[in-house]
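Observations on the three-dimensional arrangement
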Amino acid sequence: MKMIIHIFFILSLVSPISFASVLDFCVADPKGPQNPSGYSCKNPDQVTENDFAFSGLAKAGNTSNIIKAAVTPAFAPAFAGLNGLDVSLARLDLAGGGVIPLHTHPGASEVLVVIQGTIRAGFISSANKVYLKTLSRGDSMVFPQGLLHFQLNSGKGPALAFVAFGSSSPGLQILPFALFANDLPSELVEATTFLSDEEVKKLKGVLGGTN
C-alpha cells in the first residue's frame, strides 16, 4: 500500500512538469518542412495576434463552375494559428442546384451548420447504409471521418453553410474527380465502375480527364 502511495506522490510531482513543457501552440511556418502531424512551428518571437485570426470566410466563394458551388477553406498554413490544434473550418456556398459531390476527408470528421437555405446532406457507412437528412437554417449534421458524404442545395435560392473539422489538415478526395479528372486508363475505370466506354469518356471530357 505504501508503495502505491509513493508512486502516486511521484506522479503528482512529475505531471505538472510534463504539462508545463507542452507548447501552448505551434503556429504554422509555411517556409518550413511539413510532416504528417502538420507544419513546423514558427519562431515564437515572430508570432503575432494576426496568426490567430482569419477573415477569409467573410466573402462568398465563386459558384460559377460545373458543380455550382464553392468551398473556402480555413486550413493551415493560410490560418496559421490552427496548426497542430486539431481543428479547422470552411465555408460552403451553393448556388441553386449546387452540389459538393461525394467526397471523403481521410484525416478528420466534419460538422456542418446551415446558415442560409436548404441543404440535402448525407453519408454512406462502411456497411453501405445511407444516412440522408434535409437541413434548414440552424440545423447541423456530422459526417464521420473517412466516410463518403455530400451536400446538395435542395432549396430554391442560394445556400450557405459552415463546416468544422477535427484536424487542421483534414484532407480531401472528391470521388468523381478521382475517377474522371486524371489519366487513369478508361478501360480500368470501366472495369471497376461498370460504366460503358461512352459514359466514361463523356465524364472524362466534362471533368478534364485523359487516357
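What counts and what doesn't
- Residues numbered from 1 in each chain as written.
- Predicted model: local features only at pLDDT ≥ 70, side-chain atom pairs only at ≥ 80, totals over all residues.
- Heavy atoms only, no water.
- Pairing = 2+ DSSP bridges.
- Helix = DSSP H or I, 4+ residues; strand = E, 2+ residues; numbered from the N terminus.
- Disulfide = S-S within 2.5 Å.
- Buried < 20%, exposed > 50% of the residue type's maximum accessible area, 1.4 Å probe, protein only.
- Contact = heavy atoms within 4.5 Å.
- Axes fitted to C-alpha atoms, helices over the stretch in contact; angles between N-to-C directions.
- Left-handed = near helix turned anticlockwise from the far one by under 90°.
- Nonpolar A, V, L, I, M, F, W, Y, C, P; charged D, E, K, R; others polar.
- Core = buried A, V, L, I, M, F, W, Y, C linked by side-chain atoms within 4.5 Å.

**Regarding the sheet that holds strand 7 (residues 119–124)**
One open sheet holds the five strands; their spatial order is 8-7-10-5-12, and the pairing between them is antiparallel. The outermost strands of the open sheet, each flanked by one partner alone, are strand 8 (130–135) and strand 12 (173–174). Bridge count between strand 5 (residues 99–104) and strand 12: two bridges; the pairing is antiparallel. Looking across to strand 12, one finds that Thr104 is bridged to Gln173.

**Re the state of the cysteines**
Overall, the coordinates contain one disulfide when judged by the stated rule. Residue pairing for Cys26: its cysteine sulfur links by disulfide to Cys41, the two sulfurs lying 1.9 Å apart. Looking down the S-S bond of the Cys26 and Cys41 bridge, the torsion is -110°, so its handedness is left-handed. Remark: Cys41 occurs in the loop between strand 2 (38–39) and strand 3 (69–74) and Cys26 occurs in the loop between helix 1 (2–20) and strand 1 (34–35); sequence separation between them is 15 residues. Under the relative-accessibility criterion, Cys41 is labelled partly exposed at 38%.

**Focus on the side chain of Asp93**
Of note, Asp93 is situated in strand 4 (residues 88–94). Overall, Asp93 belongs to the buried group, its relative accessible area being 7%. In this view, Asp93 contacts Ala60, Gly61, Thr63, Lys68, Ala69, Ala70, Ala159 and Leu160; residues no more than four positions away in its chain are not counted.

**A word on the environment of Phe25**
Structurally, Phe25 can be placed in the loop between helix 1 and strand 1. With 16 residues separating them along the chain, Phe25 and Cys41 place their C-alpha atoms 8.4 Å apart. Look past the residues within four positions of Phe25 in its chain and what remains in contact with it is Val47 and Phe52.

**Observations regarding the packing of helix 3 (residues 186–193) against helix 4 (residues 197–207)**
As a packed pair, helix 3 and helix 4 sit with axes 9 Å apart at the nearest point and diverge in direction by 115°. The crossing of helix 3 and helix 4 is right-handed. Listed contacts from helix 4 to Ser186, Val189 and Glu190 of helix 3 are Asp197, Val200, Lys201 and Lys204. Here the residues of the contact of helix 3 with helix 4 are counted per class, giving two nonpolar, one polar and four charged.

**Considering the nonpolar core**
Grouped together as the largest cluster of nonpolar side chains are 19 residues, with contacts concentrated most on Leu94, Leu112 and Ile119. Elements with a minimum of two residues in this core: strand 4, strand 6 (110–116), strand 7, strand 9 (140–143) and strand 11 (159–165). Per element, the largest residue contribution to this core is four residues, and it comes from strand 11. Once you skip the residues sitting within four places of it in the chain, Leu94 turns out to touch Thr63, Lys68, Ala69, Val99, Ile100, Ile119, Gln151, Leu152, Asn153, Pro158 and Ala159. Counting residues in each nonpolar core, the second largest holds six residues, with Val27, Tyr39, Ala76 and Ala80 among its members.

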